[in-house]
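# Remarks on the overall topology
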Amino acid sequence: MNNQSSFFTPSVQIRLLALAIILFVAGFLLGNQLSVLQAQNSQLIPEDAQQELFAIYEQYEYIKENFVNQPVDNTLLIDGALEGMVNILEDEYSGYMNAESFASFSGSFSGDMEGIGAIIRSDMELGIIEIADVLPNAPAEKAGVVPGDVFIEVDGIPVAGMNQTELVTIVRGPAGTTVTILMQRGDKQLTFEIVRERFEIPSVFSEVLEGNIGYISSYDFNQRTRSKIDAALAELNVNELNGLIIDLRNNPGGLLTSAIEVGSAFIENGDILHEVFGNGEEITFETDGSFANITVPIVFLVNERSASASELVAGAVQDYGLATIIGEQTFGKGTVQQLRTLTNGGGVRLTIAQWLTPNRNSIQGEGITPDIIIRVDNDRELAELGKDPQLDAAVEFLLSGDVDAEAFESIVPEITPEVTETP
Amino acid sequence: MRFKRYFFTLMMIIGAFGIGYIIGTHNPVQPALAQQTTTSDLFAPLLEVYDLLEAQYVNEIDPQAMLDGAIRGMVEILDDPYTNYVDPDYFPFVNQELSGSIEGIGVVIAENDAGQIEIINVLENTPAQRAGLQSGDIFVGVNGEDVSDLTYLELSSRVRGRAGTTVDLDMQRGDTVVSFTVERARIEIPNVEYEVLDGNIGYIKMAQFSSDARQKVDEALAALDVESLNGLIFDLRDNPGGYLSAAVEIAGLFMEQGVVLVEEFGDGSQQVFEIRNGQGIQILGDNQERTYVNNAAYFGADIPVVVLVNERSASASELVAGAWQDNNTVTIMGETTFGKGTVQIQNQLSNGGGLRYTIARWLTPMGEWISGTGISPDIAIALTEEMVALGQDTQLKAALEFLAVQINQR
């Protein structure tokens with residue numbers, strides 16, 4: 001993440017920008033001397049696009065001076081322009097955030113968060129954003145939000161057409177404030193008033209299962225994830241057990257650095273991923289030498305909501321044959337985003353690269369195919385009943401070295417709708 | 001709902017109300033001097049993001065498209081349906097309709113409920129009609145480009161063009177896609193229609209407030225020999241508005257004197273428009289007066305007048321209806337009007353595109369702002385879709401009956 005190719009070093013870049021802006025504004029004030037402007041500005045913006053930049057400024061002045069609703073908030077206009085600029089990418093994972101949103105967004109990777117404690121997932125095909133998981137004891141869970149709830153409105157703002165980044169920025173906010181969310185659950189629409197809290201993201205959970213199998217689940221990949229996994233491994237005394245299950249189901253990813261740290265726990269030596277940038281340049285990330293030396297058989301559990309960093313780690317251990325992947329085809333997000341702070345305090349989240357597994361497979365749009373597929377399409381109902389066939393299959397596999405996948409699948413049979421005539 | 005949407009779209013196509021206004025009454029708006037440091041700071045992130053996207057985004061980007069996105073984003077955040085950026089391709093065509101003719105193929109389009117752009121009317125004797133285009137055809141491709149995601153403005157800019165050139169269209173009709181090659185032509189937009197109805201009642205229908213609207217209405221009044229009539233119906237149904245100057249000229253038809261509207265700007269200043277001696281007078285904030293339009297003479301006949309409006313009568317239509325209602329000079333019949341009480345102007349930008357934006361609210365002579373509420377008719381008469389399907393114009397019929405009673409009482 002911190003190895004990006006850049007055309008200028010940051011300080012040179014900022015100086016050039018400042019120069020360009022001053023010249024740009026001055027040029028305009030001196031009476032539309034566009035040719036002067038173009039000559040000075042051309043290092044940054046190609047000549048044929050400079051008139052567009054100029055038009056933004058003209059438009060800004062017109063609106064600021066004459067728009068019917070006065071006063072017009074300057075920063076709002078610029079926020080709008082920045083949003084518009086990033087939105088042309090039509091990339092779900094790229095977005096502009098104003099200063100307030102950016103602060104809460106970038107803070108979330110520290111392992112602490114102010115918000116409602118829900119993990120979201122977007123389904124581009126259906127054009128919806130839904131709850132992938134709720135964190136135990138976080139405000140969302142306490143309010144009764146469950147995985148699968150689909151966002152309709154947040155504080156009265158329709159969610160339709162928003163991307164993940166935009167949604168996250170309006171759901172999050174300072175602890176103590178309230179957010180009102182309208183959710184679709186089946187045929188019903190439910191309104192939740194949720195008071196945001198500051199909480200530590202309980203990113204790792206561990207226990208010993210029946211059959212003396214160690215179990216560690218991870219909700220995301222933040223700065224503390226690896227150290228928590230290490231703590232869990234130590235507490236479990238893992239090499240004294242019969243096997244270990246790493247549960248990455250519903251884990252939407254997180255920091256690339258965290259994924260490399262976690263991957264390095266399972267891979268002693270070698271490449272973890274290849275990052276391929278827009279200009280064709282490539283960076284290969286290797287293990288960081290923090291091998292955890294686990295000697296018992298390992299199963300990784302994944303599902304269709306395991307995305308990004310989860311797929312990165314699962315893909316790497318699969319390529320090396322170091323663990324058995326059990327569950328469902330994963331989400332298929334094979335891109336890397338970068339967060340960049342802007343001088344107005346806002347920030348941009350931008351897709352800067354694709355990543356490939358150590359064997360150079362792209363999982364973008366495809367996902368990781370588990371070694372043993374256990375399909376469940378009614379996991380919500382199963383969870384309510386306290387059943388988890390995928391976990392059961394993983395335990396069975398670790399204990400017997402084999403598993404009859406079909407015996408564990410749980411698929412709701414298709415029901416022919418009955419037609420009932422009204423009397 | 002469908003009707004309202006279509007109407008809204010049509011209104012946008014036909015043009016924002018009051019565009020001529022700035023040309024006649026204001027000095028061209030000049031961007032004011034901004035404090036240098038502040039503006040630099042404000043604009044710095046734009047260049048930062050531009051540079052970031054250009055250098056780091058995983059896929060290739062068109063620099064022009066990025067800046068175009070910024071222009072649009074800045075306007076969209078104002079959340080005003082009448083404030084838009086008009087791209088350079090479309091800018092030359094944007095107010096063509098209000099000049100009385102366009103260069104194109106001769107169809108009226110609207111966005112349907114599925115977000116597709118659909119033909120809702122094919123004008124008589126136009127290239128579109130000759131080529132066999134039909135109402136209900138949905139635009140799929142224009143000159144080989146997929147247009148399914150375009151706005152009506154973007155689509156219009158691709159379909160329109162110089163007379164004599166051709167455009168290739170792929171239209172969805174039912175389950176099949178039909179291709180057409182259509183030669184564009186200059187198309188006169190019929191604006192004013194008139195006839196004499198039963199009971200010697202004159203009938204004038206005006207489609208929009210184009211720059212020549214008053215002249216065309218005067219021609220109609222002359223042709224109808226208005227002095228010889230027993231009554232007059234002035235039909236503003238489905239009229240989406242047009243120029244403010246045309247509205248003041250038309251307002252003078254049915255009021256000899258009085259306030260037409262009060263215009264209120266963002267800074268709180270007001271201007272009043274009055275009819276006086278056949279002219280439209282503009283009274284500026286400092287009580288300075290100037291002649292705004294010359295051609296605002298009273299129609300002159302001593303006969304009862306009914307003005308018909310409906311929920312698709314908007315903007316300038318509502319302005320004149322409101323002025324006549326407040327001055328109590330005609331009887332307004334029909335339905336509550338659309339409710340658009342704002343004035344837009346247009347400024348060209350140096351990239352060839354344009355900004356069309358809301359600069360003022362207009363108030364009726366009584367000081368009411370009708371946005372969102374519209375003008376309530378003096379006599380409410382509905383026109384149901386069933387009646388429309390049967391070819392029954394219940395509103396026109398009610399107007400004729402009302403006038404017959406009025407004439408009898410004289």
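Since we're looking at a predicted model, the values are computed, not measured.

## Looking at the overall build of chain A
- Helix and strand content of chain A: 13 helices and 19 strands.
- Sorting the 423 residues of chain A into buried and exposed places 44% on the buried side.
- Considering only contacts in chain A between residues 6 or more positions apart, those separated by 24 or more positions represent 66%.

## Let's talk about the overall build of chain B
- Helix and strand counts for chain B stand at 11 helices and 21 strands.
- Oriented by its inertia axes, the alpha-carbon framework of chain B measures out at about 80 × 60 × 35 Å.
- In chain B, which comprises 410 residues, the proportion classed as buried is 47%.
- Taking all contacts inside chain B whose residues are at least 6 apart in sequence as the whole, residues at least 24 apart take part in 66%.

## Focus on the nonpolar core
- If you look at the biggest cluster of nonpolar residues, it comprises 183 residues, and the most contacted ones within it are Ile 56 and Phe 300 of chain A together with Val 49, Ala 247, Ala 251 and Val 307 of chain B.
- In this structure, Phe 300 of chain A is in contact with Ile 246, Leu 248, Ala 314, Val 317, Ala 323 and Ile 325 of chain A, ignoring residues within four places of it in sequence.
- Within the second largest apolar cluster, 15 residues are counted, among which are Ile 109, Ala 128, Val 147 and Leu 169 of chain B.

## Some details on unusual backbone geometry
- Cis geometry marks the peptide bond from Gln 70 of chain A to Pro 71 of chain A; its omega dihedral reads -5°.
- Along the polypeptide, Pro 71 of chain A turns up in the loop between α3 (47-66) and α4 (74-87).
- In this structure, Asn 200 of chain B is a non-glycine residue whose phi angle is positive, near 60°.
- Of note, Asn 200 of chain B is situated in the loop between β10 (192-197) and β11 (201-206).

## Considerations on the sheet that holds strand β11 (residues 213-218) of chain A
All names here are of chain A.
- Read across the open sheet, the six strands follow the order β10-β11-β12-β15-β16-β19; overall the sheet is mixed. Single-partner strands in this sheet number two, and they are β10 (204-209) and β19 (372-373).
- Of the strand pairs in this sheet, β11 and strand β12 (residues 243-247) are connected by five bridges, and their pairing is parallel. Bridge pairing in β12 links Ser 217 to Asp 247.

## Some remarks on the packing of helix α8 (residues 225-236) of chain A against helix α9 (residues 256-266) of chain A
Residues and elements named next belong to chain A.
- Contact geometry of α8 with α9 gives a least axis separation of 8 Å together with a crossing angle of 25°. As judged from the angle between their axes, α8 and α9 are roughly parallel. Between α8 and α9, the contacting residues are Thr 225, Arg 226 and Ile 229 on the first element and Ser 258, Glu 261, Val 262 and Ala 265 on the second.
- Broken down by class, the residue content of the contact of α8 with α9 amounts to three nonpolar, two polar and two charged.

## A closer look at the domain arrangement of chain B
- On domain assignment, one finds that chain B holds domain 1 (101-188) and domain 2 (192-409).
- One C-alpha centre belongs to domain 1 of chain B, the other to domain 2 of chain B, and the line joining them spans 31 Å.

## Focus: the sheet that holds strand β17 (residues 305-309) of chain B
Residues and elements named next belong to chain B.
- As summarised here, the arrangement of the six strands in space is β10-β11-β12-β17-β18-β21, forming an open sheet in which the pairing is mixed. Every interior strand has two partners, whereas the edge strands, β10 and β21 (379-380), have only one.
- Where β10 lies against β11, six bridges are found, and the strand directions are antiparallel. Looking across to β11, one finds that Glu 195 is bridged to Tyr 203.
- Across the sheet, helix α7 (residues 213-224) touches β10 and β11, and the angle it forms with β10 is around 20°.

## Examining α9 of chain A
- Of all 11 residues in α9 of chain A, 10 are buried, a share of seventy percent or more.
- Next to the buried residues of α9 of chain A lie α8, β13 (271-277), β14 (282-286), β15 (298-302), α10 (309-320) and β17 (335-341) of chain A.

## As for helix α11 (residues 394-409) of chain B
Residue and element names in this part refer to chain B.
- The terminal C-alpha atoms of α11 lie 23 Å apart, and with 16 residues this matches the ideal 22 Å at 1.5 Å per residue to within 8%.
- Buried within α11 we find Gln 395, Leu 396, Ala 399 and Leu 403. The arc enclosing the buried residues of α11, seen along the axis, measures out at 95°, which places them on a common side. Opposite its buried face, α11 presents the exposed residues Glu 401, Val 405, Asn 408 and Gln 409, each directed more than 90 degrees away.
- Where α11 is buried, its residues touch β11, β12 (231-235), β17 and β18 (331-334).

## Comments concerning the interface of chain B and chain A
- With 55 residues of chain B at the interface, the matching set in chain A holds 67 residues.
- Where the side of chain B that touches chain A is concerned, the elements lending two or more residues are α3 (36-56), α4 (63-76), β19 (342-348) and β20 (354-363) of chain B.
- In terms of residue class, the side of chain B that touches chain A is made up of 33 nonpolar, 15 polar and seven charged.

## Describing the pairing of β11 of chain A
Residue and element names in this part refer to chain A.
- Among the six residues that make up β11, six are buried, leaving the element largely enclosed by the rest of the structure.
- Side chains of β11 alternate between two faces, with Ile 213, Tyr 215 and Ser 217 and Gly 214, Ile 216 and Ser 218 buried alike.
- Of the strand pairs in this sheet, β10 and β11 are connected by six bridges, and their pairing is antiparallel. Across the sheet, the residue bridging to Val 204 is Ser 218, located in β11.
- In this antiparallel pair of consecutive strands, β10 and β11, the connection spans three residues, and Gly 211 shows a positive phi of 80°.
- Note that the unit made of β11, α8 and β12 has a crossover that is right-handed.

## Concerning the confidence of the model for chain B
Residues and elements named next belong to chain B.
- Taken as a whole, chain B shows an average pLDDT of 85; of its residues, 90% reach a score of 70 or greater.
- pLDDT under 50 marks residues 1-37. Its contacts with residues more than four places away, or in other chains, come to 72 contacts.
- For this predicted complex, the interface score ipTM comes out at 0.77, alongside a pTM of 0.72.

## Regarding the environment of Asp 80 of chain B
- Here Asp 80 of chain B lies in the loop between α4 and β1 (84-86).
- Along the sequence, Asp 80 of chain B and Arg 356 of chain B sit 276 residues apart, while their C-alpha atoms lie 11 Å from each other.

## Focus: the pairing of strand β4 (residues 117-122) of chain B
- For strand β3 (residues 107-111) of chain B and β4 of chain B, the ladder comprises five bridges, and the chain directions are antiparallel. Note on β4 of chain B: the bridge partner recorded for Ile 109 of chain B is Ile 119 of chain B.

## Digging into the packing of helix α8 (residues 244-251) of chain B against helix α9 (residues 316-326) of chain B
Residue and element names in this part refer to chain B.
- Contact geometry for α8 and α9: axes closest at 9 Å, N-to-C directions at 30°. Of the possible angle classes, the one that applies to α8 and α9 is roughly parallel. By crossing handedness, the relation of α8 to α9 is classed as right-handed. Taking contact as the criterion, the partners of Leu 244, Ala 246, Ala 247, Ile 250 and Ala 251 in α8 are, on α9, Ala 316, Leu 319, Val 320 and Ala 323.
- Split by residue class, the contact of α8 with α9 holds nine nonpolar, no polar and no charged.

## Things to note about the confidence of the model for chain A
- On average, residues of chain A score 81 in pLDDT, and 83% of them reach the 70 mark or higher.
- Counting contacts from residues 1-43 of chain A, a segment whose pLDDT is below 50, to residues more than four positions away or on other chains yields 50 contacts.

## Let's talk about the environment of Met 333 of chain B
Residues and elements named next belong to chain B.
- Looking at the element boundaries, Met 333 is found in strand β18.
- A count of 22 C-beta atoms within 10 Å places Met 333 in the buried class.
- C-alpha of Met 333 to C-alpha of Val 49: the two residues are 284 residues apart in sequence and 55 Å apart in space.

## Digging into the environment of Phe 221 of chain A
- Tracing the sequence through the fold places Phe 221 of chain A in the loop between β11 and α8.
- Residues Phe 221 of chain A and Arg 349 of chain A lie 128 residues apart in sequence; the distance between their C-alpha atoms is 17 Å.

Definitions and limits used
- Residues numbered from 1 in each chain as written.
- Chains lettered and ligands numbered in written order.
- Predicted model: local features only at pLDDT ≥ 70, side-chain atom pairs only at ≥ 80, totals over all residues.
- Helix = DSSP H or I, 4+ residues; strand = E, 2+ residues; numbered from the N terminus.
- Buried ≥ 20, exposed ≤ 12 C-beta atoms within 10 Å, placed from the backbone.
- Contact = placed C-beta atoms within 7 Å.
- Core = buried A, V, L, I, M, F, W, Y, C linked by C-beta atoms within 7 Å.
- Pairing = 2+ DSSP bridges.
- Axes fitted to C-alpha atoms, helices over the stretch in contact; angles between N-to-C directions.
- Parallel < 35°, antiparallel > 145°, perpendicular 65-115°, else oblique.
- Nonpolar A, V, L, I, M, F, W, Y, C, P; charged D, E, K, R; others polar.
- Domains from an automatic or database assignment.
- Expected span 1.5 Å × (residues − 1).
- Arc of directions from axis to C-beta.
- Right-handed = clockwise from strand over helix to strand, strands pointing away.
- pLDDT = per-residue confidence, 0-100.
- Left-handed = near helix turned anticlockwise from the far one by under 90°.

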